[in-house]
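Observations on the three-dimensional arrangement
One letter stands for each residue in the lines below.
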Amino acid sequence: MSDIKDVLVPDLGEDSVEVIEICVAVGDNVDAEDSIITVESDKASMDIPAPFAGSIAEICVAVGDKISEGTLLAKIGVAASAAAPAAAPAPAAAPVAAAPVGESVIEVTVPDIGGDENVDVIEILVAVGDTVEVEDGLVTLETDKASMDVPSPQAGVIKAMHLSAGDKVSEGSLVVTLAVAGAASDVPAAPVAAPEAAPATASAAASVSVIEVTVPDIGGDENVDVIDVLVAPGDVVEAEDGLITLETDKASMDVPAPEAGIVKEVHIKVGDKVSQGSLVVHLEVTSSASVPVEAAPVASAPVAAPVAPAAPKAPPVPHHPSAAPIQPTGKVHASPSVRRVAREFGVDLTQVNGTGSKSRITKEDVQSYVKYELSRPKANAATAIAAGNGGLQVLAAPKVDFSKFGEIEEKPLSRIQKISGPTLHRNWVTIPHVTQFDEADITDMESFRKAQNVVAEKRKLGFKISPLVFIMKAVADALKAYPTFNSSLSADGESLILKKYFHIGIAVDTPNGLVVPVVRDVDQKGIHALSQEIMEISVKARDGKLKAADMQGSCFTISSLGGIGGTAFTPIVNAPDVAILGVSKSEIKPKWNGKDFDPRLMLPLSLSYDHRVIDGALAARFAVHVKDVLGDLRQIIL
């Protein structure tokens, strides 16, 4: 039985307002404060909420109606015993209290990763039930600079995983729940609520049931390709065994079996596209009395079943609204505050997918949409002009069927290319680059370097001195002489941040892509110390063991291609640095000494700089300073 109650327009502070949207339909269940309609006056738009929970029995207004205080909006059916079931879930408290004696549970979150956000999770290193020690890796992250592990802060046992491969995380994102050793307790907490649930648990022992296994949270990706089906009807699987393999543009991952059982039916085949919630298999499982959590749903299946799907773990970063096709419905469900935010950013809400209740658009949906649109280049001039956002108004690339001209092969971009590409594009299009070219006479420097390497080999120092070390010292000396090069633009672009330290980034080519570790306090270290440090950094870079801290804080970057070749190139400024020095392969050239030509070893230098901060004359002086120091290393001690 239910009572039908009228919902009237409350005091809106206006004589009359217009109905611009109906947020519910007859038959919908609403909670207290859920929006029923959206109205608009000449001052603002607002939602009128349901004053109580119930089921919509009748809607008494339509879009375009003018309403005022006291107007009948809708009729809602309210269950007479709606409050009674509220106490039913109480026994579920038993599992919460059932923590092992002498243990405490902590949450492990992503630590400081150098300010990077939306970082890809490329590998999960642990599973529920694993025992980990302090500093053991939990997950592996990959930024546009390097990959790194998130370590365990304490020893313990993994109780829950909150991430999967392909997720995006930022500082503070929850990684795992970890049970760690704590103070022992003489009073076990588990039995407090257990006695009432025991009979129900016992009655469920050894019962066989068939459950549906669906695609879990995969970081918000949709229409993901199924590249492998790992089981067939009749197969026996254990908990966490893979059922199918999915592949996104970030990683491949298996969908695991949530419990041990027998595969009764497979609903997916290779080539299908799936999203979170897609049905994978029907699995026959045997319930066990040792798992009290299973007893509650058996006894109250009709009530609990609709509630369970409402609490999936939200992905760490909202899924991009434009990643999946949007089906136009002619309606936009959003609150007035969300509409106001959308108007401020110039967002067309019909282009945003809502992730809220009943597909309503939330503030986070709008923010996610804006962040994505700002991060990607505008490829179509008409779109940029229509949006009025001052974006790059370039024509779209032509669509060409290359196969009609001959044989082709399509090769996907590597993960590093996908990650670093947008960053390089941002730096190239937002920084006005100018490149200054010069040559340094390193004949004497090379003679000195080779002589010192002979000494180092005799003394068995374990390293060789490379030309890069001398270039770093020359750059540090030039940064002291020209402090503007040792600066960064403030976030508002109104001032310069002048740095009093001299940390230099070194571009290192690795099998996994280009990374830029930072050598700190170059001005305070000698040639031997720098040679040893560069050797250690190179090994860590090649082994993929660089941490975020190893690539933070650079003042200037050096990109050396001398070991490969070339006469000159235009390196891209590595923001927030304001300059970068490119080094090409040295070459013997004839140089006039006033009487005749001498063979001299010349090193090509390519200095790219941010023209908003550095003008051409200052750049030329900086390049000459570097060149002079490399030509005569004695100038460093002056």
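An account of the accompanying structure is given in this report. (Residues numbered from 1 in each chain as written. Predicted model: local features only at pLDDT ≥ 70, side-chain atom pairs only at ≥ 80, totals over all residues. Heavy atoms only, no water.)

**Observations concerning the overall build of the chain**
The condition is simple: What counts as a helix is a DSSP run of H or I of at least four residues, what counts as a strand is a run of E of at least two, and both are numbered from the N terminus. Each residue's exposure class comes from its accessible area (1.4 Å probe, protein chains only) as a fraction of the maximum for that residue type: buried when under 20%, exposed when over 50%, partly exposed otherwise. Any two residues whose heavy atoms approach within 4.5 Å at even a single point are treated as in contact.
Scanning the chain from N- to C-terminus turns up 12 helices and 35 strands. Counting every position in the chain, which comprises 638 residues, the buried fraction comes to 36%. Long-range pairs, those at least 24 residues apart, make up 63% of the contacts in the chain between residues at least 6 apart in sequence.

**A short note on helix H10 (residues 467–481)**
Spelled out, the test is: Multiply 1.5 Å by the residue count of a helix minus one, and that product is the helix's expected span.
In a regular helix each residue adds 1.5 Å, so 15 residues correspond to 21 Å; H10 covers 22 Å between its end C-alpha atoms and thus fits that length. Taking burial as the measure, the 15 residues of H10 include 12 buried ones, the bulk of the element. Every buried residue belonging to H10 is among Leu468, Val469, Phe470, Ile471, Met472, Lys473, Ala474, Val475, Ala476, Asp477, Ala478 and Leu479, and all of these are buried.

**Description of the pattern of salt bridges**
Our working rule: Salt-bridge detection follows one rule: a side-chain nitrogen of Lys or Arg within 4 Å of a carboxyl oxygen of Asp or Glu.
Counted by the stated rule, this structure contains 18 salt bridges. The salt bridge involving Lys269 is made with Asp272; its shortest N-O contact spans 3.2 Å. Here Asp441 and Arg600 are joined by a salt bridge, their closest N and O atoms 2.9 Å apart. Residue Asp441 is located in strand S25 (residues 433–441), and its partner Arg600 is located in strand S35 (residues 597–610); the two are separated by 159 residues in the primary sequence. For Arg600, a relative accessible area of 22% translates into the label partly exposed. Here the residues in one salt-bridge network are Glu439, Lys589 and Lys591, joined through shared partners.

**Describing unusual backbone geometry**
A cis amide bond links Ala575 to the next residue, Pro576, at an omega of 10°. Tracing the backbone shows Pro576 in the loop between strand S32 (556–560) and strand S33 (579–583). The residue Asn223 is not glycine, and still its phi comes out positive at about 55°. In this structure, Asn223 sits in the loop between strand S17 (208–214) and strand S18 (224–229). Of the residues examined, Asn223 reaches a relative accessible area of 41% and is grouped as partly exposed.

**Brief notes about helix H12 (residues 616–631)**
Short version of the rule: Relevant arc is that of directions from the helix axis to the C-beta atoms, nothing else.
Along its 16 residues, H12 runs 22 Å from first to last C-alpha, staying within 8% of the 22 Å computed at 1.5 Å per residue. Within H12, the full set of buried residues consists of Leu618, Ala619, Phe622, Ala623, His625, Val626, Val629 and Leu630. What you see down the axis of H12 is that its buried residues fit within an arc of 155°, all on one side.

**Digging into the sheet that holds strand S24 (residues 279–286)**
So the rule is basically this: Two strands are said to pair when DSSP picks up at least two bridges between them.
Spatial ordering of the open sheet is given by S17-S24-S22-S19, a layout of four strands whose pairing is antiparallel. What marks the edges here is a single partner per strand, and that holds for S17 and strand S19 (236–237). Judged from the four bridges that link them, strand S22 (residues 261–266) and S24 form a sheet pairing that is antiparallel. Each bridged residue has a counterpart across the sheet, and for Glu265 the counterpart in S24 is His282.

**Digging into the sheet that holds strand S5 (residues 45–49)**
With antiparallel pairing, the four strands of this open sheet are ordered in space as S5-S4-S2-S7. Strands at the two margins of the open sheet, each flanked by one partner only, are S5 and strand S7 (66–67). Relative to S5, strand S4 (residues 35–40) runs antiparallel, the two being bridged by five bridges. Paired with Ser35 across the strands is Pro49, a residue of S5.

**Observations concerning a nonpolar patch on the surface**
Threshold: Each patch is assembled from residues with relative accessible area greater than 30% and no salt bridge, linking like charges that lie within 9 Å and nonpolar side chains (Val, Leu, Ile, Met, Phe, Trp, Tyr) that lie within 5 Å. Here the accessible surface of atoms and residues is derived via Shrake-Rupley with a 1.4 Å probe, and residues count as covered only by protein chains that are part of the display.
Taken together, the side chains of Val400, Phe402, Phe405 and Ile408 present a nonpolar region at the surface, about 430 Å² in accessible area. Looking at the secondary structure, you find Phe405 in the loop between helix H7 (381–387) and helix H8 (415–430).

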